[in-house]
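The lines below spell out each chain.
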Amino acid sequence: MTPLKIVVLGGTGFIGRHLVARLAADGHAVTLLSRNLGPHYDRLLPPGVTLREVDVYDPDVLRAAFTGADAVVNLVGILNEKGDNGRGFRRAHVELTKLVIAAMQLAGVRRLLQMSSLNAGRGRSHYLKSRGEAETAVKASGLDWTIFEPSVVFGAGDGLFCRFASLLRIAPVMPLARAKARFAPVYVGDVVEAIRRCLRLRGSRGEVYELYGPDVFTLGEIVRLTARQMGLRRWVLPLPDALGRLQALVCDFVPGKPFSSDNFRSLMTDSVGGIDGLHRLGIPATRVADKLPAILGHVDERQARYQRFRAAR
């Protein structure tokens, strides 16, 4: 098949790293736009990927970057913001999406693949509300759009099992807000495959795909499953909502925000799907059990490398 010229925003994130590598392996010419890159990040990119460190909120820069492209993939998303007023979410999800749409229209590029979230536009969190507003803008754009709504995404280096693994190593007791909140984790490789197929599939234009896995877990079950896989004996302490809100409020002021008030509000809505987007695209859904040993083994190896580094010093 003829290689495509694809511009990716948010390609340095968890999903983006996997997607960019796959698109490059498929022979596509990928341009990665980002405004926050670490030193020498370009050395980590696969061959065939062009890196441009730019201000993605500059309309002229976006229009120039999009000119001549066959498709734009917008993966930009944040899980937390400074403060708790929704402005950070609106800037990253809504304002940027509108800038992308306008720049595409001016550059004459019609194909937009937009990352969103399961439950976008529902619930009380700023995160979900802003995702919903972004979807509304995309649907009204007149472009040839496809929207992806994943549940929580898992894989090597994820913010789910790997994140809890790091916490469980140092915490014999895990106080957990919204421990009964439900998720249907979707494997990052399946998400990447969905985007990859939709790049070529004309029937995907104007479609929204819910992406979720075959297994449904509560948050408490996810933490316990992580501990068992690591061979750790840990006590998960479910918190009543009053204490969960207090925990979230305290974490609002912790550097790095491991948890937040908006995360708490998001957990009030279960992240399970209704119409199976992977099945619609002919993609067999990957089970958590098939990947978890390798995912947490990756975490163990990273920790081992760190310990070897410290010992060498």
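Structure report, in brief. Predicted model, so just to flag it, every value in this text is computed and none were measured.

## Description of the overall build of the chain
Along its length, the chain carries 11 helices and 13 strands. For the chain, whose C-alpha radius of gyration is 20 Å, the value lies close to the compact-globule estimate of 20 Å for 313 residues. Principal-axis analysis of the C-alpha atoms gives the chain an extent of 55 × 45 × 40 Å. Within the chain, the fraction of its 313 residues that count as buried is 49%. Sequence-distant contacts, at least 24 apart, represent 76% of the contacts inside the chain between residues at least 6 apart. Summing over all exposed atoms, the chain offers an accessible surface of approximately 15,200 Å²; the carbon and sulfur share of this is 54%. Here the chain contributes 44 positive and 29 negative side-chain charges, whose respective centroids are spaced 3 Å apart.

## Some remarks on the sheet that holds strand E6 (residues 144-150)
Read across the open sheet, the 7 strands follow the order E3-E2-E1-E4-E5-E6-E11; overall the sheet is parallel. In this open sheet, the two strands that pair with only one neighbour each are strand E3 (49-53) and strand E11 (207-211). Across the sheet, the mean angle separating the axes of adjacent strands is 15° when strand polarity is ignored. Against the sheet, helix H1 (residues 14-25) contacts strand E1 (5-9), strand E2 (29-34), E3, strand E4 (71-74) and strand E5 (111-115), and its axis sits at roughly 155° relative to E2.

## Here's the deal with the pattern of salt bridges
Applying the stated criterion across every chain yields a total of 17 salt bridges. When the shortest N-O distance is used, the salt bridge between Asp-60 and Arg-63 registers 4.0 Å. Taken as a pair, Asp-60 and Arg-63 lie in helix H2 (residues 59-66) at a separation of 3 residues, close to a single helical turn. Judged by its relative accessible area of 51%, Asp-60 is exposed. With a relative accessible area of 36%, Arg-63 lands in the partly exposed category. Residue Arg-265 is joined to Asp-84 by a salt bridge in which the shortest nitrogen-to-oxygen separation is 2.6 Å. Linking Arg-265 in helix H9 (residues 261-266) with Asp-84 in the loop between E4 and helix H3 (87-107), this pair joins segments that are 181 residues apart in sequence. What makes Arg-265 buried here is its relative accessible area of 18%. A network of salt bridges, in which partner residues are shared, links Arg-22, Asp-26, Glu-193, Arg-196 and Arg-197.

## As for the layout of surface pockets
Taken as a whole, the second largest pocket holds about 180 Å³ of empty space. Taken together, Met-1, Thr-2, Pro-3, Asp-26, His-28, Arg-196, Arg-197 and Arg-200 make up the full set of residues lining the second largest pocket. The residue makeup of the lining of the second largest pocket, split by class, is 2 nonpolar, 2 polar and 4 charged.

## Some thoughts on the packing of aromatic side chains
Counted according to the given criterion, the structure contains 4 aromatic pairs. Aromatic side chains Phe-148 and Tyr-209 sit 6.3 Å apart centroid to centroid with 25° between the ring planes, which places their arrangement in the stacked category. Residue Phe-148 is located in strand E6, and its partner Tyr-209 is located in strand E11; the two are separated by 61 residues in the primary sequence. Residue classification places Phe-148 among the buried residues on the basis of a relative accessible area of 1%.

## A look at the environment of Ser-117
Its location among the elements puts Ser-117 in the loop between E5 and helix H4 (126-139). Separated by 90 residues in the primary sequence, Ser-117 and Gly-27 have C-alpha atoms spaced 28 Å apart. Among all residues touching Ser-117, those that are not within four sequence positions of it are Tyr-127, Leu-128, Arg-131, Glu-135, Phe-148, Glu-149 and Pro-150.

## So, the side chain of Ser-125
Among the secondary structure elements, Ser-125 is positioned in the loop between E5 and H4. When sequence neighbours within four positions are dropped, the list of residues in contact with Ser-125 reads Asp-262, Arg-265 and Ser-266.

## Digging into the nonpolar core
With 64 residues, the main nonpolar core has Val-8, Phe-148 and Phe-161 as its most contacted residues. Among all residues touching Phe-161, those that are not within four sequence positions of it are Phe-154, Ile-222, Leu-225, Thr-226, Val-288, Leu-292 and Leu-296. Core analysis: the next-biggest nonpolar cluster, separate from the first, contains 26 residues, Leu-33, Val-109, Val-138 and Ile-147 among them.

## Topic: the pairing of E1
In terms of burial, E1 is a largely internal element, 4 of the 5 residues being buried. Summarising the sheet, E1 and E2 pair through 5 bridges and their orientation is parallel. Looking at E2, one finds that Lys-5 is bridged to Ala-29. Handedness of the crossover joining E1 and E2 through H1: right-handed. Relative to E4, E1 is paired through 4 bridges, and the arrangement is parallel. Within E4, the position partnered with Val-7 by the bridge is Val-72.

Calculation rules
Residues numbered from 1 in each chain as written. Predicted model: local features only at pLDDT ≥ 70, side-chain atom pairs only at ≥ 80, totals over all residues. Heavy atoms only, no water. Helix = DSSP H or I, 4+ residues; strand = E, 2+ residues; numbered from the N terminus. Rg over C-alpha atoms; globule rule 2.2 N^0.38 Å. Buried < 20%, exposed > 50% of the residue type's maximum accessible area, 1.4 Å probe, protein only. Contact = heavy atoms within 4.5 Å. Areas by Shrake-Rupley, 256 points an atom, 1.4 Å probe, with all protein chains shown as cover. Lys, Arg positive; Asp, Glu negative; His and termini not counted. Charge placed at Lys NZ, Arg CZ, Asp CG, Glu CD. Pairing = 2+ DSSP bridges. Axes fitted to C-alpha atoms, helices over the stretch in contact; angles between N-to-C directions. Salt bridge = Lys/Arg side-chain N within 4 Å of Asp/Glu carboxyl O. 1 Å grid on protein atoms, 1.4 Å probe; cavity = no way out; pocket = protein on both sides within 12 Å on 5 of 7 lines; lining within 4 Å. Points joined across faces, edges and corners; volume = space filled by probe spheres on them. Nonpolar A, V, L, I, M, F, W, Y, C, P; charged D, E, K, R; others polar. Phe/Tyr/Trp six-rings, centres within 6.5 Å; stacked < 30°, edge-to-face > 60°. Core = buried A, V, L, I, M, F, W, Y, C linked by side-chain atoms within 4.5 Å. Right-handed = clockwise from strand over helix to strand, strands pointing away.

These figures capture arrangement, not role.
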